[in-house]
Amino acid sequence: MQRPVESVWDYPRPPRVEPTDRHIVARHRGETVFDTRAALRVLETSHPPVYYVPRDDVHGTLTLAHRRTVCEFKGFASYWDLGVAGLTVPDAAWSYEDPAHGYEALRGRLAFYPALLDECTVDGEPVIAQPGDFYGGWLTSDITGPIKGGPGTRGW
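From a predicted model like this one, the values you see are computed outputs, not experimental measurements.

A few points about unusual backbone geometry
Geometrically, the link from Arg13 to Pro14 is a cis peptide bond, its omega value of 10 degrees lying close to zero. Here Pro14 is to be found in the loop between strand S1 (6-7) and strand S2 (16-19). Put simply, Gly145 and Pro146 share a cis peptide bond, and its omega is 20 degrees. The topology assignment puts Pro146 in the segment after strand S15 (143-144). Even without being a glycine, Arg29 presents a positive backbone phi close to 50 degrees. Structurally, Arg29 is set in the loop between strand S3 (24-28) and strand S4 (31-36). The exposed category is assigned to Arg29, whose relative accessible area is 53%. One non-glycine residue, Ala85, lies in positive phi territory at about 55 degrees. Residue position: Ala85 is located in the loop between strand S8 (75-84) and strand S9 (87-95). With relative accessibility at 41%, the residue Ala85 sits in the partly exposed group.

Shown next, in the form of structure tokens:
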């Protein structure tokens, strides 16, 4: 099924959380990290969607990392190291363990940086990671920009 094209400039601020029926898969070093149709996506102006997958759908070992950040909307983020195929991927994922009001649906879910994993797909389409090393958006052919994250976009 052909999906309509979405512009990141039509996404809201503050961000919206919504369920999706899309098939979200990630693999690393030949191992499936997750394979789900139960993701939520977060849509925010200038960003491609970020997919939050149920913790129960994640394979591999998750270890709480030292990194912490804060989102003015979602609250405090915890970061997770991923152990898969005998290797550790530092800060591979983040979560909101105690999300702010309006974002409670994110509790018990993890978002993964597609740039840190070997393969991420949405409905079988390979994902391009959002530019930069802070944001974790998943860019597919049905998403248009310009996209925040690359050089010169910090102040958008």
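Remarks on the nonpolar core
Counting 21 residues, the largest nonpolar core has Ile24, Phe34, Leu82, Phe112 and Trp138 as the members making the most contacts within it. For this core, the secondary-structure elements that each account for two or more residues are S3, S4, strand S6 (50-54), S8, S9, strand S10 (109-112) and strand S11 (119-122). Core analysis: the second largest hydrophobic core is formed by 15 residues, Leu40, Cys71, Tyr79 and Tyr103 among them.

Some remarks on the pattern of salt bridges
Within this structure, the stated rule accounts for twelve salt bridges. Between Asp123 and Arg3 there is a salt bridge, with the nearest N and O atoms lying 3.7 Å from each other. Placement of the pair is Asp123 in the loop between S11 and strand S12 (125-126) and Arg3 in the segment before S1, with a sequence separation of 120 residues. Overall, Asp123 belongs to the partly exposed group, its relative accessible area being 37%. Classification of Arg3 by relative accessible area gives partly exposed; the value is 24%. A salt bridge links Arg22 to Asp123, with the nearest nitrogen and oxygen atoms 2.9 Å apart. Taken together, the residues Arg22 in the loop between S2 and S3 and Asp123 in the loop between S11 and S12 connect sequence positions 101 residues apart.

Here is what the cut-offs are and how they apply
- Residues numbered from 1 in each chain as written.
- Predicted model: local features only at pLDDT ≥ 70, side-chain atom pairs only at ≥ 80, totals over all residues.
- Heavy atoms only, no water.
- Helix = DSSP H or I, 4+ residues; strand = E, 2+ residues; numbered from the N terminus.
- Buried < 20%, exposed > 50% of the residue type's maximum accessible area, 1.4 Å probe, protein only.
- Core = buried A, V, L, I, M, F, W, Y, C linked by side-chain atoms within 4.5 Å.
- Salt bridge = Lys/Arg side-chain N within 4 Å of Asp/Glu carboxyl O.

Shape is all these values report; function is a separate question.
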